[in-house]
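Listed here are the chains, written in short residue letters.
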Amino acid sequence: MKKTGFIAVATAVTLLAGTASAATLDDVRAKGFIQCGVTTGLAGFAAPNDKGVWEGFDVDICRAMSSAIFGDPDKVKYTPTTAKERFTALQSGEIDVLARNTTWTLSRDVNLGFEFVGVNYYDGQGFMVKKSLGVKSAKELDGARVCIQSGTTTELNLADYFAANGMKYDSVLFDTSDEVREAYIKDTCDVYTTDQSGLYSQRSVLADPENHVVLPEIISKEPLGPLVRHGDNAWGDIARWTLNALIIAEELGINSSNVDEMKSSKNPEIARLLGTSGDLGSQLGLGPEWAANAIKQVGNYGEIFEKHLGAGTPLNIARGLNQLWSKGGILYAPPAR
Ligand SMILES: N[C@@H](CCC(=O)N[C@@H](CS)C(=O)NCC(=O)O)C(=O)O
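The model shown is predicted, which means the values in this text are computed figures rather than measured ones.

**Some remarks on helix α2 (residues 59-70)**
- Under the 1.5 Å per step criterion, the end-to-end length of α2 is 16 Å for 12 residues, consistent within 8% with the ideal 16 Å.
- Burial analysis of α2 places 11 of its 12 residues in the buried class, the great majority of the element.
- Three or more residues of α2 are buried, namely Val59, Asp60, Ile61, Cys62, Arg63, Ala64, Met65, Ser66, Ser67, Ala68 and Ile69.
- Phi turns positive, to about 70 degrees, at Gly71, one or two residues after α2.

What follows is the structure, encoded as structure tokens:
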């Protein structure tokens with residue numbers, strides 16, 4: 001009896017595990033789109049354009065997944081989430097993936113039950129002040145009123161940094177970055193702190209960006225990346241390898257303009273990635289052109305970075321740490337083979 005009971009339980013667990021691992025992709029295919037959690041609006045990363053279409057560096061992660069699955073980058077619906085709401089939206093199944101400048105931390109991974117599939121932007125927390133304040137370093141901020149966003153890693157880093165430097169501060173908390181920016185403009189606080197990328201983004205939409213300075217100190221590590229729920233490894237694999245494919249494409253010199261010619265390349269790594277040899281696509285439960293479609297329709301990592309954040313944009317962010325490992329940065333994708 002005992003033995004049968006054990007086998008029955010073991011079978012049920014196996015069946016459940018089998019169901020869970022296929023669920024999200026099946027569900028996404030059945031409904032015909034990916035439900036993608038983004039910010040409530042952060043220029044360059046995720047914001048609706050003048051036609052109401054969401055675009056940005058984080059949005060392109062979801063678009064690339066859509067290309068990999070559907071061969072079409074626009075089979076995506078967007079759910080704007082505040083920093084506080086984002087995790088409930090993912091846990092409850094309201095969204096399939098969260099692509100929202102979210103820092104990979106132990107407690108989010110383990111305690112909240114998420115799977116960070118990689119890093120699409122290596123960041124760190126910084127400070128922005130008005131130039132008129134004459135402050136040159138974060139060490140001069142003792143006694144400052146600091147505007148921050150609730151539900152973020154920013155809060156704990158700020159407390160740690162001020163404590164470590166024997167300084168005091170008053171925090172002024174808001175739910176969205178629009179509210180933080182408005183408060184900063186209205187002098188409700190002296191300093192704005194968040195991920196440096198967020199500061200560049202927010203400065204780019206101020207009426208007078210030239211009057212604001214991002215201080216040199218970086219007080220934390222903020223590896224930002226897309227995440228999915230624990231329990232559906234196959235779905236996590238699709239998100240992970242879509243991101244990796246964009247990075248590998250840049251390494252291999254494949255971009256949105258040359259991807260079709262590259263399909264006849266003699267380089268075996270290129271052939272495997274673009275699906276002209278091997279079966280990487282079917283291993284992921286996708287078609288052979290999964291990566292080729294993502295690269296063609298959305299671009300390689302470098303193209304996506306330049307389009308939304310690079311020198312030609314109001315954000316004007318240097319690649320820095322987000323340069324490929326082979327070019328002095330730390331962006332490194334495991335091999336697609
Ligand atoms: N990386 C940090 C901060 C994330 C965060 O919320 N950043 C701000 C940057 S300005 C943001 O995205 N705001 C957009 C919004 O309020 O919708 C975290 O994961 O907690």
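**What about the UniProt feature "domain: Solute-binding protein family 3/N-terminal" (unreviewed entry) in the protein chain?**
- Per the UniProt entry, the sites bearing "domain: Solute-binding protein family 3/N-terminal" (unreviewed entry) are residues 33-262 in this numbering.
- In the segment residues 33-262, helix accounts for 33% and strand for 23%; the C-alpha atoms at its two ends are 29 Å apart.

**Notes on the state of the cysteines**
- Taken as a whole and judged by the stated rule, the model has 2 disulfides.
- At a sulfur-sulfur separation of 2.0 Å, the disulfide partner of Cys36 is Cys62. On the sign convention where negative is left-handed, the bridge of Cys36 and Cys62, at about 75 degrees about the S-S bond, is right-handed. Residue Cys36 is found in strand β1 (residues 34-38), and its partner Cys62 is found in helix α2; the two are separated by 26 residues along the sequence.
- Taking relative accessible area as the criterion, Cys36 reaches 0% and is therefore assigned buried.
- Accessibility expressed as a relative area gives 0% for Cys62, which makes it buried.
- Taking only the cysteines that form disulfides and numbering them from first to last, the protein chain has the pattern 1-2, 3-4.

**Concerning the pattern of salt bridges**
- Scanning the entire structure with this criterion turns up 14 salt bridges.
- A salt bridge links Asp27 to Lys31, with the nearest nitrogen and oxygen atoms 3.8 Å apart. Within this pair, Asp27 and its partner Lys31 are both found in helix α1 (residues 2-31), separated by 4 residues, close to a single helical turn.
- When the shortest N-O distance is used, the salt bridge between Arg145 and Asp190 registers 2.8 Å.

**Structural notes on the nonpolar core**
- Residues Trp235, Ile254 and Leu273 are the most contacted members of the largest nonpolar core, which totals 60 residues.
- At 10 residues, the largest contribution of residues to this core is made by helix α8 (residues 233-252).
- Excluding anything up to four places from it in sequence, Leu273 contacts Ala245, Ile248, Ala249, Leu252, Ile254, Leu280, Trp290, Ala291, Ala292, Ile295 and Ala336.
- Core analysis: the next-biggest nonpolar cluster, separate from the first, contains 15 residues, Val129, Val135, Ala144 and Tyr161 among them.

The rules behind the values
Residues numbered from 1 in each chain as written. Predicted model: local features only at pLDDT ≥ 70, side-chain atom pairs only at ≥ 80, totals over all residues. Heavy atoms only, no water. Helix = DSSP H or I, 4+ residues; strand = E, 2+ residues; numbered from the N terminus. Expected span 1.5 Å × (residues − 1). Buried < 20%, exposed > 50% of the residue type's maximum accessible area, 1.4 Å probe, protein only. UniProt positions renumbered as here; feature names shortened; annotations may be inferred. Disulfide = S-S within 2.5 Å. Salt bridge = Lys/Arg side-chain N within 4 Å of Asp/Glu carboxyl O. Core = buried A, V, L, I, M, F, W, Y, C linked by side-chain atoms within 4.5 Å. Contact = heavy atoms within 4.5 Å.

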